Amino acid sequence: MLFELSEEQLMIQQAARDFAQTELKPGVIERDEHQKFPTEQVKKLGELGFLGMMVDPKYNGSGMDAVSYVLVMEELSKIDASASVVVSVNNSLVCYGLEAYANEAQKEKYLKPLASGEKIGAFCLSEPEAGSDATSQQTTAEDKGDYYLLNGTKNWITNGSTASTYLVIAQTHKELRHKGINAFIVEKGTPGFTIGPKENKLGIRGSDTHSLMFNDVKVPKENRIGDDGFGFSFAMKTLEGGRIGIAAQALGIAAGAYELALEYSKQRKAFGKPISDHQAIAFKLADMATQIEAARMLVYKAAWLKDQGQSYTLAGSMAKLFASKVAMDVTVEAIQIHGGYGFVKEYHVERMMRDAKITQIYEGTSEIQKMVISRSILS
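Residues numbered from 1 in each chain as written. Predicted model: local features only at pLDDT ≥ 70, side-chain atom pairs only at ≥ 80, totals over all residues. Heavy atoms only, no water.

Looking at an unreviewed UniProt entry, the chain carries the name Cyclohex-1-ene-1-carbonyl-CoA dehydrogenase, with the source organism given as Pedobacter planticolens. Of the comments in the UniProt record for the chain, the one headed Cofactor (unreviewed entry) reads "FAD". UniProt, in its Sequence similarities (unreviewed entry) section for the chain, records the words "Belongs to the acyl-CoA dehydrogenase family." (UniProt positions renumbered as here; feature names shortened; annotations may be inferred.)

As structure tokens, this is what we get:
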């Protein structure tokens, strides 16, 4: 068993750490306050090759491994989870889905600009009545011969207004239930495709979350991904990798909050000595460090299994379930260690607590992860 990162992985990790400190940290509080999308920062992430990390270089990707990807997600999330979720969606859901399951023409037209960061993408599965129950798709795609007619609404779509390319899951053969679902590539600006107002969220407020409406949207037949009825399998297979990305995000949020709390505890004095010298605080830090390290091992293992071509369904769900809980627990304790200052925005930890909550919800709730894990261990 080897627990060392390669020289290349360490370089990628350091590059992400430097970028987070120099590019993401300035203005992160303002972006959160005003729900401002990190447009310039995302553009620079694309230039660094962080928006198509695992994509083959022949499609303008960086050709990196999944472990490098989670290292980048962790470092970015320590500072700005709103920016890191853009990296997660573009890499894990959009680019992965296209590279793994799209045909060559689709890869040439859509994957290349997404992997290079020239454009960003969105993954459109959730609906008003179809969140955890992804089989209950109410968005329909009626087969009209050489095109599909798309009608319906999608909710909670990350990169909702900033994306150029949307992967949309819709029901074509209702009688076949999940076997009648298809996945489509829909371009921004297609007639009948409208974007709703930006959601006013608790956390990751800098990310771009919208509802999308499709009213008689014509989608060319060549924009269907895979065979007829492959859409549900496409969504589930893609989400398996997405869970690793969100697990890494949760890990990063926890690690970032812990680092701030540790530093603060050494500087803040009470009763004549740094609060870190008081056992009540020292034990909190010990618990936080242990939880984070355990989460890190789960996240890294899931990414490693993916790199080895082995099944990572169970490992990914375990990593997301545990890391998201750690993110919540650690950020709450980080606020407690900061005391009254933890309740103030300029100390960052209150934002991190708000950002942490979504990691227990999107890419499959914690309850769904327990379903995946229990089915796996009982089968």
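Back to the write-up after that little detour.
> With reference to specific residues and values, describe a nonpolar patch on the surface.
Together, Met1, Phe3 and Met297 make up an exposed nonpolar region whose accessible area comes to about 410 Å². Note that Phe3 resides in the segment before helix H1 (7-24). Owing to a relative accessible area of 60%, Phe3 belongs among the exposed residues under this scheme. (Patch = residues over 30% accessible without salt bridge, like charges linked within 9 Å, V, L, I, M, F, W, Y side chains within 5 Å. Areas by Shrake-Rupley, 256 points an atom, 1.4 Å probe, with all protein chains shown as cover. Salt bridge = Lys/Arg side-chain N within 4 Å of Asp/Glu carboxyl O. Helix = DSSP H or I, 4+ residues; strand = E, 2+ residues; numbered from the N terminus. Buried < 20%, exposed > 50% of the residue type's maximum accessible area, 1.4 Å probe, protein only.)

> Hey, could you go over the environment of Ile181 for me, with residue numbers and the actual values?
Looking at where Ile181 falls in the secondary structure, it is placed in strand S5 (residues 181-187). Accessibility expressed as a relative area gives 0% for Ile181, which makes it buried. For the pair Ile181 and Ser116, spaced 65 residues apart in sequence, the C-alpha separation works out to 30 Å. The residues contacting Ile181, other than those within four sequence positions of it, are Ala134, Thr135, Gln137, Ile169, Ala170, Gln171, Gly229, Phe230, Gly231 and Phe232. (Contact = heavy atoms within 4.5 Å.)

> Could you give an account of the pairing of strand S4 (residues 165-171), naming the residues involved and the relevant values?
A large share of S4 lies buried, amounting to 7 of its 7 residues. What you see with S4 is no split at all: Thr165, Leu167, Ile169 and Gln171 on one side and Tyr166, Val168 and Ala170 on the other are buried throughout. Bridge count for strand S1 (residues 121-124) against S4 is 4 bridges, and the pairing is parallel. Among the inter-strand pairings, Ala122 is bridged to a residue of S4, identified as Tyr166. One ladder, built from 7 bridges, connects S4 with S5; its direction is antiparallel. The residue of S5 that forms the bridge with Thr165 is Glu187. (Pairing = 2+ DSSP bridges.)

> Just give me the short version of the UniProt feature "domain: Acyl-CoA dehydrogenase/oxidase C-terminal" (unreviewed entry) in the chain, but keep the residues and values in it.
Taken from the UniProt record, the annotation "domain: Acyl-CoA dehydrogenase/oxidase C-terminal" (unreviewed entry) applies to residues 231-378. Regarding residues 231-378, the helix share stands at 77% and the strand share at 3%, and the terminal C-alpha atoms are separated by 27 Å.

> So what about the side chain of Glu74? Which residues, and what values?
Within the element layout of this structure, Glu74 appears in helix H4 (residues 66-77). When residues no more than four places from it in sequence are discounted, the contact partners of Glu74 are Ala248, Leu251, Gly252, Ala255, Arg296 and Tyr300.

> I'd love a proper account of the environment of Gly206, names of residues and values included.
Mapped onto the fold, Gly206 is located in the loop between strand S6 (193-198) and strand S7 (209-220). Taking the relative accessible area as the measure of exposure, Gly206 reaches 4% and is therefore buried. As a C-alpha pair, Gly206 and Pro38 span 168 residues in sequence and 6.7 Å in three-dimensional space. Residues within four places of Gly206 in sequence aside, it is in contact with Arg31, Gln35, Lys36, Phe37, Pro38, Ser82 and Lys198.

> Explain the pattern of salt bridges residue by residue, including any values.
A full pass over the atoms with the stated rule returns 20 salt bridges. One salt bridge connects Lys44 with Glu23, and the closest N-O pair in it is separated by 3.0 Å. With Lys44 in helix H3 (residues 39-47) and Glu23 in helix H1, the pair connects residues that are 21 residues apart, well separated along the chain. Taking the shortest distance from any N to any O, the salt bridge between Arg296 and Glu293 comes out at 3.0 Å. Of the two residues, Arg296 and Glu293 both sit in helix H8 (residues 279-307), 3 residues apart, roughly one turn of that helix. The exposure class assigned to Glu293 is partly exposed, which follows from its relative accessible area of 38%.

> Talk me through the nonpolar core; I want residue IDs and the actual numbers.
Residues Leu98 and Val299 are the most contacted members of the largest nonpolar core, which totals 93 residues. Looking at which element gives the most residues to this core, the answer is helix H7 (residues 231-267), with 17 residues. Setting aside residues no more than four positions away along its own chain, Leu98 makes contact with Lys107, Tyr110, Leu111, Leu114, Leu167, Ile185 and Ile225. In terms of nonpolar packing, the next biggest core, distinct from the first, is built from 17 residues, Ile157, Val168, Phe184 and Phe193 among them. (Core = buried A, V, L, I, M, F, W, Y, C linked by side-chain atoms within 4.5 Å.)

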